[in-house]
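Chain residues, written in single-letter form:
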Amino acid sequence: MPQLISNLIEMPLQPRLAAVIGAGPAGLMAAEMLSQGGVRVDLYDAMPATGRKFLVAGVGGLNLTHSEPMEKFLDRYGAARCHLEPFLRKFGPLELREWALQLGFETFEGTSGRVFPVGMKAAPLLRAWQQRLMSNGVNFHFKNRWLGWDAEERLLFASPAGEIAIRANPTVLALGGGSRRSLGSTGTWVPILRQRGVRVADLKPSNCGFEVHWSDFFREKFEGQPVRPVRLRFTNSRGISFDQQGEFIITRTGVEGSLIYAASALLRDEIETTGPAEVHLDLAPDRSVLQLEARLSQPRGKRSMSSHLKKTSGLEGVRAGLLREVLPVEIFMDPTRLAAAIKDLPVRLETPRPLEEAISSAGGVCFDSLDLNLMLTDLPGVFCAGEMLDWEAPTGGYLLTACFSSGRTAGVSALDWLNGSS
Ligand SMILES: Cc1cc2nc3c(=O)[nH]c(=O)nc-3n(C[C@H](O)[C@H](O)[C@H](O)COP(=O)(O)OP(=O)(O)OC[C@H]3O[C@@H](n4cnc5c(N)ncnc54)[C@H](O)[C@@H]3O)c2cc1C
């Protein structure tokens, strides 16, 4: 039984007891590795259940990973590739699919190369995984919010029974990033680790929307509407370019959606250094400027400008609305300038939407505070994994793959450390 020490409950010392804090994909994977190694694992989470964010990721279809060639896959992690590559080479997209299959979930490749479990949902997979972990002896402790360490280096938690102190060695921290606080990842670990000398890069929105100063008319008429097909081009002040076709959504405050998310790191960093960023939209990516010009030059007759635009260029609804929002009226009378504007419409993005709304966060525990086994160099026996590490990637399964993979590395490393082999 736990002992009550003043107002603190100290849990008894267990042989080979490991603590994992954070029951998202990274923490669950670390717990799996440790429990498979014969270690008793206590898994703590501030929320009342496992994997809240993982479950939400499954709402629109759980995109577990991606099937593109490994080199291209690794490039998606940008500057962090060199840090993540060793883990991803050991446990990458193929191994993740194999792991899911062993859990009872076949996966399939969507048309875009994205990989989903058959059924697309996260809940059945998470349920089966939790069952397997429990039968391996992992003890789940929900509603336990980690507060840091006390003077005796015990882990402190705010639990339903009051504040408790745990002696555990090793410890894996898998506390997530800083977006969507209601799903559990609140980023409250940042000052705790900084206080212990760990270098943590500020958490920033990644895969986020951006603000645009829409007119009231445009906002009321087109909020929530998808813009597709569209090509987005952007070159930053250092000459780095983004050029991709896809789709995005008009929001009350600006723009969001997969195409915007894909460019978001470049746009966010540019706005941070030089202010608002101008992106260029090609609203008719399947037609050349000359084709458009020829068609727009056809006699309009008695047709309204809207019907003429629709008939000659195929643009209507929100794409036509965007033209009207951005261009002065006189351009609509000039087929040459209109064709050029359809292929290259400037839209000014003011600022990223707040971290809270983002799909994921950039920043986190810097790799130079970790050794190659993901152990904090200043806190021996403490390992970190998942989105709380300083990397970012676009949507497309890259986020989850790196969380699973780094969780696995942290778990295996913690096991080796316990066994005295690292
Ligand atoms: C809407 C949405 C859709 C997404 N879709 C996809 C997708 O399809 N594919 C993809 O690859 N990625 C997707 N993601 C991103 C992906 O879900 C995350 O990157 C991933 O869940 C991060 O895993 P993690 O284990 O590092 O952290 P999390 O899943 O955030 O888990 C961290 C856990 O730590 C706990 N915790 C935090 N602080 C404390 C504390 N002080 N004490 C105790 N516990 C604490 C939290 O409660 C949480 O359970 C999506 C994200 C969102 C928001």
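Residues numbered from 1 in each chain as written. Predicted model: local features only at pLDDT ≥ 70, side-chain atom pairs only at ≥ 80, totals over all residues. Heavy atoms only, no water.

1. A look at the confidence of the model for the protein
As a note on interpretation, predicted positions should not be read in detail where pLDDT is low.
Reasoning step 1: Per-residue confidence for the protein gives a mean pLDDT of 95; residues scoring 70 or more make up 96%.
Reasoning step 2: A low-confidence stretch, residues 1-5 (pLDDT under 50), is modelled with 11 contacts involving residues beyond four sequence positions or located in other chains. (pLDDT = per-residue confidence, 0-100. Contact = heavy atoms within 4.5 Å.)

2. Some points on the nonpolar core
Reasoning step 1: W146, L193 and W391 are the most contacted members of the largest nonpolar core, which has 82 residues in total.
Reasoning step 2: For this core, the leading source of residues is helix α14 (residues 398-418), giving nine residues.
Reasoning step 3: Look past the residues within four positions of W146 in its chain and what remains in contact with it is I21, L155, L156, F157, L173, L175, W189, I192 and L193.
Reasoning step 4: Within the second largest apolar cluster, 45 residues are counted, among which are L283, M305, A320 and A339. (Core = buried A, V, L, I, M, F, W, Y, C linked by side-chain atoms within 4.5 Å. Buried < 20%, exposed > 50% of the residue type's maximum accessible area, 1.4 Å probe, protein only. Helix = DSSP H or I, 4+ residues; strand = E, 2+ residues; numbered from the N terminus.)

3. Observations concerning the sheet that holds strand β12 (residues 171-173)
Reasoning step 1: Taking strand neighbours across the sheet as the criterion, the five strands line up as β8-β4-β3-β12-β21 in an open arrangement whose pairing is parallel. Edge positions in the sheet fall to β8 (139-141) and β21 (382-384), since each of these pairs with one other strand and no more. Pairwise comparison of adjacent strand axes, ignoring direction, gives a mean angle of 20° for this sheet.
Reasoning step 2: Bridge count for β12 against β21 is three bridges, and the pairing is parallel. Looking at the pairing, L173 lines up with C384 of β21. (Pairing = 2+ DSSP bridges. Axes fitted to C-alpha atoms, helices over the stretch in contact; angles between N-to-C directions.)

4. Some details on the packing of helix α1 (residues 25-36) against α14
Reasoning step 1: One can describe the packing of α1 onto α14 by two numbers: an axis separation of 7 Å at closest approach and a directional angle of 35°. Crossing handedness for the pair α1 and α14: right-handed. Here P25, A26, M29, A30, M33 and L34 of α1 come into contact with α14, specifically with L400, C403, F404, G407, R408, G411, V412, A414 and L415.
Reasoning step 2: Here the contact of α1 with α14 is composed, by residue class, of 12 nonpolar, two polar and one charged. (Left-handed = near helix turned anticlockwise from the far one by under 90°. Nonpolar A, V, L, I, M, F, W, Y, C, P; charged D, E, K, R; others polar.)

5. Regarding the packing of aromatic side chains
Reasoning step 1: Overall, the coordinates contain 14 aromatic pairs when judged by the stated rule.
Reasoning step 2: Ring geometry for F54 versus F404: centroids 6.2 Å apart, planes at 80°, classification edge-to-face. Here F54, found in helix α2 (residues 52-57), pairs with F404, found in helix α14; they are 350 residues apart in sequence, far enough to count as distant.
Reasoning step 3: For F54, a relative accessible area of 3% translates into the label buried.
Reasoning step 4: On the numbers, 5.0 Å between centres and 85° between planes, the contact of W146 with W149 is edge-to-face.
Reasoning step 5: The buried category is assigned to W149, whose relative accessible area is 15%.
Reasoning step 6: Ring pairs connect the aromatic residues F54, W99, W129 and F404, which therefore count as one cluster.
Reasoning step 7: Its end group placed over the ring of W149, R196 keeps NZ or CZ at 5.2 Å from the ring centre. (Phe/Tyr/Trp six-rings, centres within 6.5 Å; stacked < 30°, edge-to-face > 60°. Lys NZ or Arg CZ within 6 Å of the ring centre and 35° of its normal.)

6. Quick notes on the packing of α1 against helix α6 (residues 123-135)
Each pair of packed helices can be described by the angle between their axes along with the distance between the axes.
Reasoning step 1: One way to put it is that α1 packs onto α6 with a least axis distance of 10 Å and a crossing angle of 30°. Overall, the two elements α1 and α6 adopt an arrangement that is roughly parallel. At the point where α1 passes α6, the crossing takes the left-handed sense. From α1, P25, L28, M29, A31, E32 and S35 reach across to α6, where they touch L126, W129, R132 and L133.
Reasoning step 2: Looking at the contact of α1 with α6 residue by residue, the classes come out as seven nonpolar, one polar and two charged. (Parallel < 35°, antiparallel > 145°, perpendicular 65-115°, else oblique.)

7. Re the side chain of S369
Reasoning step 1: Note on placement: S369 falls in the loop between β20 (360-365) and β21.
Reasoning step 2: Side-chain polar atoms of S369 contact the backbone nitrogen of R199, separated by 2.9 Å. (Polar contact = N/O pair within 3.5 Å; in protein donor to acceptor, adjacent residues only side chain to side chain.)

8. Some points on helix α13 (residues 335-343)
Reasoning step 1: The set of residues buried in α13 consists of L338, A339, A341, I342 and K343.
Reasoning step 2: As for α13, its buried residues are in contact with β15 (226-235), β18 (277-282), α10 (289-296), α11 (305-313), α12 (317-326) and β19 (345-349).
Reasoning step 3: The backbone nitrogen of T336 lies 3.1 Å from a side-chain oxygen of the residue at the head of α13, namely D334.

9. Considerations on the site of the ligand
Reasoning step 1: If you check the shell around the ligand, you find 30 residues, and the closest are D45, N63, W146, E387 and L400.
Reasoning step 2: For the ligand, an oxygen atom lies 2.6 Å from a polar atom in the side chain of D45.
Reasoning step 3: Here a nitrogen atom of the ligand and a backbone polar atom of W146 are 2.8 Å apart.
Reasoning step 4: Computed on the free molecule, the ligand has an accessible area of 1,000 Å², of which 95% lies beneath the protein chains in the complex.
Reasoning step 5: Taken together, the elements giving at least two residues each to the shell around the ligand come down to α1, α2, β9 (145-149) and α14.
Reasoning step 6: When grouped by side-chain class, the residues that make up the shell around the ligand number 15 nonpolar, 10 polar and five charged. (Near = heavy atom within 4 Å. Areas by Shrake-Rupley, 256 points an atom, 1.4 Å probe, with all protein chains shown as cover.)

10. Section: the pattern of salt bridges
Reasoning step 1: In total, this model carries 29 salt bridges according to the counting rule given.
Reasoning step 2: Notably, a salt bridge pairs R154 with E152, separated by 3.9 Å at the nearest N-O pair.
Reasoning step 3: We classify R154 as buried; its relative accessible area is 7%.
Reasoning step 4: Put simply, R353 and E357 hold a salt bridge, and the shortest N to O gap is 2.6 Å.
Reasoning step 5: Its relative accessible area of 18% is what places R353 among the buried residues. (Salt bridge = Lys/Arg side-chain N within 4 Å of Asp/Glu carboxyl O.)

11. Concerning α14
Reasoning step 1: Taking 1.5 Å of rise per residue, the 21 residues of α14 would be expected to cover 30 Å, and the 30 Å separating its terminal C-alpha atoms lies within 8% of that figure.
Reasoning step 2: Most of α14 is tucked away, with 16 of its 21 residues classed as buried.
Reasoning step 3: Among the residues trailing α14, G420 stands out with phi positive, at a value near 75°. (Expected span 1.5 Å × (residues − 1).)

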